[in-house]
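Understanding the architecture of this molecule
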Amino acid sequence: MKRVKSRKNFRITNPIGFSLFIAGCLLALGVIAVIITLAVGYGGDVVKQVQDSIQGTVDEINDQPTFTPEVTAEPTETPEPILTPEVGTPAPSDTPTPEPIGDPNDTPEPTIDVTAPLYGKTVGLNPMRDRGAGYDAECAFNLEFSQNLAAYLESKGATVVLTRDSNDVSISAKQRGQIIKRAGCDIALEIVCNHLAAKSRGCYVRYSGAKTFAKELAAAYQSVTNIPYQSNHSSGIYSKTEDTIKNAGCPCVRLVLGNWENSTDRGIIEDEQMQQKIFEAIYNVLVGQLKGE
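In this report, we go over the structure that sits alongside the text. Everything numeric here is computed off the predicted structure, so don't read it as measured data. (Residues numbered from 1 in each chain as written. Predicted model: local features only at pLDDT ≥ 70, side-chain atom pairs only at ≥ 80, totals over all residues. Heavy atoms only, no water.)

Brief notes about the packing of aromatic side chains
Our working rule: Aromatic pairing here means that ring centres of Phe, Tyr or Trp (its six-membered ring) are within 6.5 Å. Orientation follows from the plane angle: under 30 degrees is stacked, over 60 is edge-to-face, and everything else is tilted. Runs of H or I in DSSP of at least four residues are treated as helices and runs of E of at least two as strands, each being numbered from the N terminus. Each residue is placed in one exposure class: buried if its accessible area under a 1.4 Å probe, protein chains only, is under 20% of its type's maximum, exposed if it is over 50%, and partly exposed if it falls in between. By definition, being over a ring means that NZ of Lys or CZ of Arg is both within 6 Å of the ring centre and within 35 degrees of the ring normal.
Counting across every chain of the model gives five aromatic pairs. When the ring of Phe-145 is compared with that of Phe-279, the centres are 5.2 Å apart and the planes differ by 65°; the resulting orientation is edge-to-face. Of this pair, Phe-145 sits in helix H2 (residues 136–155) while Phe-279 sits in helix H7 (residues 272–291), and the two are 134 residues apart along the sequence. Note on Phe-279: relative accessible area 1%, which makes it buried. Plain terms: the ring middles of Tyr-152 and Phe-279 are 6.1 Å apart, the flat faces sit at 45° to each other, and that makes the pair tilted. With Tyr-152 in helix H2 and Phe-279 in helix H7, the pair connects residues that are 127 residues apart, well separated along the chain. Through successive ring pairs, a cluster of aromatic residues spans Phe-141, Phe-145, Tyr-152, Trp-260, Phe-279 and Tyr-283. One cation-aromatic arrangement involves Arg-129 over Tyr-135; the distance from NZ or CZ to the ring centre is 4.3 Å. The cationic tip of Lys-156 hangs over the ring face of Tyr-283; the distance from NZ or CZ to the ring centre is 5.5 Å.

Here it is as structure tokens:
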């Protein structure tokens, strides 16, 4: 037997509930209709009122004075000044500042007298001996004596040329004569001592071609020092040709001061006061010689 599918039909089983549902729907539609009607009728005014209200509030805000908070700067502490000790210039003194006097160790140059008899004249001095062979002490003395004599003659206006200025050189007699000649000396003098037996004494002058000059120099020297003439040169002078004299190109004599080995002779020539007297005696003879040219 064929089964027939049953169809379900809508049936209202609760008429009262259905009626209430329909009534609620109708009420809701009515409320919506009223709202729409009010919105259409009064909507423009409501919107305008809202806009005016908002604009009024904005205007009130704009009309309020702008408040700018005052910012008070914190006071800045001023640092205390640092006191720097004043290094002032001392007050001027009434005492004048002395002029600098230069190096106290400098030896002042001698004043040249242009009217002096030896002005314009050139004198050659030859401190004899080289070091060695037991002559070191005399070598040094001859140089010192000659340098002091040079200073004295320069103070009298002369130009002085020394054949050596050191004790540590070795110069031949010929070379010494050439030094004197190249300098164009007007006259030359050799300084030396003898080395004899200790008991012997004596001075003299050796010459070649300048006998008068040699004789006057020997006499002046012996008179000042009281050193006797050497026994084998009793006249005080001795003629002999020497390389220095031959090459000097001018009158040249050798003054033998005394016997270096004799304490009396040596004591006399090493005495500074005596040396000044010897320098003066030599100067006077040189003046007489050069004036007679």
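We are not done yet, so read on.
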